[in-house]
Amino acid sequence: MAIQTDPESPSDVAEPDWETPLSLTLTPSLLIHSLMGTASAVHTGWASCIDDSLVLSDLVSMEDRAGNYIRLAEQEFVEDDQPGTVWHDWTLEVRIGTVLTTGHWQFPVTAHPSEWEWNAREASQAFERACLLVGRRVRRTMAVEDPAPTDSVPRASRH
């Protein structure tokens, strides 16, 4: 990765101005390595693979000037070759210019709750780090969830 400042900037100034343009040389490979190392699948593309009709939640962080964005979408779907399995997927999209670099954290919805926590945390952390590319910070919030219905558990007394 190369970081450069504007070559036209005067170098005799005590400090660079806070609005001095910086440029980075990034590749999809570098983004995948640094942001999506724990994803279950990664790919590049020209168009989004997120099906908006399947989206359960969606966060987007846009860059003001260039139209680049970072998107974290949560969706559920069924594969044609596995009609009995519903998959849950957190998808991180990083659009820089015309290139989309995408990572998926996915598993069957019947997975253990620890899988849900781990995948949610990994995708969220990747989103937080990626938002720095478009000059945004992410703050976490708290949410209250209703308990999931369970089958009644038979009780036995030990006394």
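See the structure above.
Residues numbered from 1 in each chain as written. Predicted model: local features only at pLDDT ≥ 70, side-chain atom pairs only at ≥ 80, totals over all residues. Heavy atoms only, no water.

Each helix and strand counted, the protein has two helices and seven strands in total. Tracing the protein from N to C terminus, the helices and strands come up as β-β-α-β-β-β-β-β-α. Per-residue burial over the protein gives 25% buried out of 159 residues. Here the contacts in the protein between residues at least 6 apart in sequence split such that 46% fall between residues at least 24 apart. A total of about 11,800 Å² of accessible surface is found on the protein, and carbon and sulfur atoms cover 53% of it. (Helix = DSSP H or I, 4+ residues; strand = E, 2+ residues; numbered from the N terminus. Buried < 20%, exposed > 50% of the residue type's maximum accessible area, 1.4 Å probe, protein only. Contact = heavy atoms within 4.5 Å. Areas by Shrake-Rupley, 256 points an atom, 1.4 Å probe, with all protein chains shown as cover.)

Once that is clear, we can look at the packing of aromatic side chains. Scanning all chains against the criterion turns up three aromatic pairs. Here tryptophan 90 and tryptophan 116 contribute two aromatic rings whose centre-to-centre distance is 6.1 Å and whose plane-to-plane angle is 80°, an arrangement assigned as edge-to-face. Of this pair, tryptophan 90 sits in strand β6 (residues 82-96) while tryptophan 116 sits in helix α2 (residues 113-131), and the two are 26 residues apart along the sequence. Residue classification places tryptophan 90 among the buried positions, given a relative accessible area of 6%. Here a set of aromatic residues connected by ring pairs shows up, and it is made of Trp90, Phe107 and Trp116. (Phe/Tyr/Trp six-rings, centres within 6.5 Å; stacked < 30°, edge-to-face > 60°.)

End to end, α2 covers 27 Å across 19 residues, agreeing with the expected 27 Å (1.5 Å per residue, within 8%). Residues of α2 that are buried: Asn119, Glu122, Ala123, Ala126, Phe127, Ala130 and Cys131. Across the axial projection of α2, the buried residues extend over an arc of 165°, all falling on one side. Facing away from the buried surface of α2 by more than 90 degrees, the exposed residues are Pro113 and Glu117. (Expected span 1.5 Å × (residues − 1). Arc of directions from axis to C-beta.)

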